[in-house]
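Spelled out from the first residue to the last, the chains are:
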Amino acid sequence: MLPDHAPDEDNGLDTLPPPQPVHYAEQALLGALLLEPHRLADITGVGPDSFSHHAHGALYAAIRSLPAPDPGRHAKDAGWLTAVLTTAREQARGLTASYLHTLVQICPWPKHAPAYARMVEADHARRTLRLHAHRLIQTATDTTLSRPVSATLAEADALARCTDDLAARFPAHPGSLHRTPMPPPSDTLGDHDEEALDEERALLATATAHPAEAEQMRWLTAQDLTHPLHAGLWQCLTALTRRGAPVDPVTVLWEAQHKDLLAAEITPRNLLDLLDTPPGGSPHYWGERILKRAVLTTAHRIGTRIAAFTDDPATTPYQLVVGSRRALADLTSLRTRWERATHPTPPTGPAHSRTSPPPRAGPPPVTTPPSPRIAR
């Protein structure tokens, strides 16, 4: 029998359990191992850090660190339990003998220890995936990073590896993906703030002035622009350049009319003013800034979506895998296009002769002259 301790030493684990099912699964697993320590050999995939409560992890570590007692002697003698408590209290001083009694008493069936361990493992997988999702969200919004896209894509890769690990540990099962309610769109990245709109106006004006350069920007799509009108005008520009048609503010305006982009609040004069005053920089420069914003915005949305999956207790580990992979797929095309934009393929044509004009210098500081404000 374990020695009793005064009530004031009780850490409250047995009287105030958190209202999560995994808490009871952890208690059942620990109770099974305290009753029948030999069942530890049947437990795989669970470590001390798999437990949601530090005291439970300390108990599990102590059980693993001590040799299993003789079953017959263990049934009559509490020496091994006392050793477990002493060892565990080195990491969790609030543990008491009364709580070990509680664990032993509430374990339904010690032979079900592998099933309890699987529950603990599944919840730990959920928490791990949630941690990676929040790291992706934080990185995508960290304005102090010198290379935010590279850092964000690295976090997305880490999240994908975590998902692959889950897929290997939790096999597929029949059933559709649980419909987790998605959080409302976040304005954390300022999808429609003035900086984004100014960059898009600059892109459209410079692309109209330099259509040959814009024609090479296949890596930028209309979906990367935040304002619907700007996205539609970019489609007009790319349609003209790919047809080999003349490009200037008037031809873009005519194409915009055919795309039904004109409205009461968007007059032809508005569009001509927007397209006829190119700022400094080049289409490539402004397009790369827009694509960067699109990558970070998409990564933030993916992290938020996966975090919502992990917060839904009805989602199984396999469904977490399916949902996470679907969400991460949205970043695949953007990653490829970002690589094409920032690491363009060298031209295959003849080299420039010595009489060729020198390449244009890099863009000047980001300054955009006043331009018509488009209704958002």
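Residues numbered from 1 in each chain as written. Predicted model: local features only at pLDDT ≥ 70, side-chain atom pairs only at ≥ 80, totals over all residues. Heavy atoms only, no water.

Let's talk about the overall build of the protein
Alright, step 1. Scanning the protein from terminus to terminus reveals 14 helices and zero strands.
Alright, step 2. Tracing the protein from N to C terminus, the helices and strands come up as α-α-α-α-α-α-α-α-α-α-α-α-α-α.
Alright, step 3. A total of 376 residues make up the protein; the buried ones form 43% of that total.
Alright, step 4. A total accessible area of about 19,800 Å² is found for the protein, and carbon and sulfur atoms account for 56% of it. (Helix = DSSP H or I, 4+ residues; strand = E, 2+ residues; numbered from the N terminus. Buried < 20%, exposed > 50% of the residue type's maximum accessible area, 1.4 Å probe, protein only. Areas by Shrake-Rupley, 256 points an atom, 1.4 Å probe, with all protein chains shown as cover.)

Remarks on the nonpolar core
Alright, step 1. Counting residues in hydrophobic clusters, the biggest one holds 59 residues, and the most contacted among them are Leu203, Leu220, Leu233, Trp234, Val252, Leu271 and Ile306.
Alright, step 2. Those elements that provide at least two residues to this core are α6 (113-140), α7 (148-169), α8 (194-209), α10 (228-243), α11 (249-258), α12 (268-275), α13 (283-311) and α14 (317-342).
Alright, step 3. Filtering out sequence-adjacent residues up to four positions away, Val252 remains in contact with Thr208, Leu233, Cys236, Leu237, Leu240, Val247 and Leu275.
Alright, step 4. Judged by nonpolar contacts, the second largest core, of 32 residues, contains Leu29, Leu30, Ile43 and Ala92. (Core = buried A, V, L, I, M, F, W, Y, C linked by side-chain atoms within 4.5 Å. Contact = heavy atoms within 4.5 Å.)

Let's talk about the packing of aromatic side chains
Alright, step 1. For the coordinates displayed, the defined rule picks out two aromatic pairs.
Alright, step 2. Between the aromatic rings of Phe51 and Tyr60, the centroid separation amounts to 5.1 Å while the plane-to-plane angle is 45 degrees, which identifies the pairing as tilted. In terms of burial, Phe51 and Tyr60 fall into one category: buried.
Alright, step 3. Between the aromatic rings of Tyr285 and Trp286, the centroid separation amounts to 4.9 Å while the plane-to-plane angle is 70 degrees, which identifies the pairing as edge-to-face.
Alright, step 4. By relative accessible area, Trp286 is classed as buried at 1%.
Alright, step 5. The positively charged end of Lys111 is found above the aromatic ring belonging to Trp109, 5.1 Å away from the centroid. (Phe/Tyr/Trp six-rings, centres within 6.5 Å; stacked < 30°, edge-to-face > 60°. Lys NZ or Arg CZ within 6 Å of the ring centre and 35° of its normal.)

Let's talk about the packing of helix α1 (residues 21-35) against helix α5 (residues 97-106)
Alright, step 1. Between α1 and α5, the least distance of the axes is 7 Å, while the angle of their chain directions is 95 degrees. Judged on the interaxial angle alone, α5 and α1 are roughly perpendicular. Along the contact surface, α1 presents His23, Gln27, Leu30, Gly31, Leu34 and Leu35, while α5 presents Tyr99, Leu100, Leu103, Val104 and Ile106.
Alright, step 2. Looking at the contact of α1 with α5 residue by residue, the classes come out as eight nonpolar, three polar and no charged. (Axes fitted to C-alpha atoms, helices over the stretch in contact; angles between N-to-C directions. Parallel < 35°, antiparallel > 145°, perpendicular 65-115°, else oblique. Nonpolar A, V, L, I, M, F, W, Y, C, P; charged D, E, K, R; others polar.)

Quick notes on the pattern of salt bridges
Alright, step 1. Under the definition given, this model contains 20 salt bridges.
Alright, step 2. The residue Asp123 makes a salt bridge to Arg127 at a minimum N-O spacing of 2.6 Å. Within this pair, Asp123 and its partner Arg127 are both found in helix α6, separated by four residues, close to a single helical turn.
Alright, step 3. The partner of Arg289 in a salt bridge is Glu195, and the shortest N-O contact between them spans 3.5 Å. In this pair, Arg289 is assigned in helix α13 and Glu195 in helix α8, connecting sequence segments 94 residues apart. (Salt bridge = Lys/Arg side-chain N within 4 Å of Asp/Glu carboxyl O.)

Thoughts on the side chain of His124
Alright, step 1. When you line up the elements, His124 lands in helix α6.
Alright, step 2. The class for His124 is buried, based on a relative accessible area of 19%.
Alright, step 3. Setting aside anything within four residues of it in sequence, one finds His124 in contact with Asp49 and Ser50.

Structural notes on the packing of α6 against α7
Alright, step 1. The geometry of α6 relative to α7 is characterised by a closest axis approach of 8 Å and an angle of 165 degrees between their N-to-C directions. Between α6 and α7, the crossing angle belongs to the class labelled roughly antiparallel. Considering the relative orientation of α6 and α7, their crossing is left-handed. Residue-level inspection shows Arg118, Glu121, Ala125, Thr128, Leu129, His132, Ala133, Arg135, Leu136, Thr139 and Ala140 of α6 in contact with α7, the latter providing Ala151, Thr152, Glu155, Ala156, Ala158, Leu159, Cys162, Thr163, Leu166 and Arg169.
Alright, step 2. Here the contact of α6 with α7 is composed, by residue class, of 11 nonpolar, five polar and five charged. (Left-handed = near helix turned anticlockwise from the far one by under 90°.)

A word on the environment of Arg135
Alright, step 1. If you trace the backbone, Arg135 turns up in helix α6.
Alright, step 2. For the pair Arg135 and Ala156, spaced 21 residues apart in the sequence, the C-alpha separation amounts to 9.0 Å.

Structural notes on α7
Alright, step 1. The end-to-end C-alpha distance of α7 is 32 Å, a good match for the 32 Å that 22 residues give at a rise of 1.5 Å each.
Alright, step 2. Among all positions in α7, only Pro148, Val149, Thr152, Leu153, Ala156, Ala158, Leu159, Cys162, Thr163 and Leu166 are buried.
Alright, step 3. Turning to α7, the residues buried within the fold contact α6, α13 and α14. (Expected span 1.5 Å × (residues − 1).)

Quick notes on unusual backbone geometry
Alright, step 1. Located in the positive-phi region is Asp260, a residue other than glycine, with phi close to 60 degrees.
Alright, step 2. Within the element layout of this structure, Asp260 appears in the loop between α11 and α12.

Here's the deal with the confidence of the model for the protein
Alright, step 1. Within the protein, residue pLDDT values average 85, and 81% of them lie at 70 or more.
Alright, step 2. Per-residue pLDDT stays below 50 along residues 3-10; that stretch engages in 11 contacts with residues further than four places along the chain or on separate chains.
Alright, step 3. Low pLDDT, under 50, characterises residues 349-376; the predicted model gives this stretch 36 contacts beyond four residues in sequence or across chains. (pLDDT = per-residue confidence, 0-100.)

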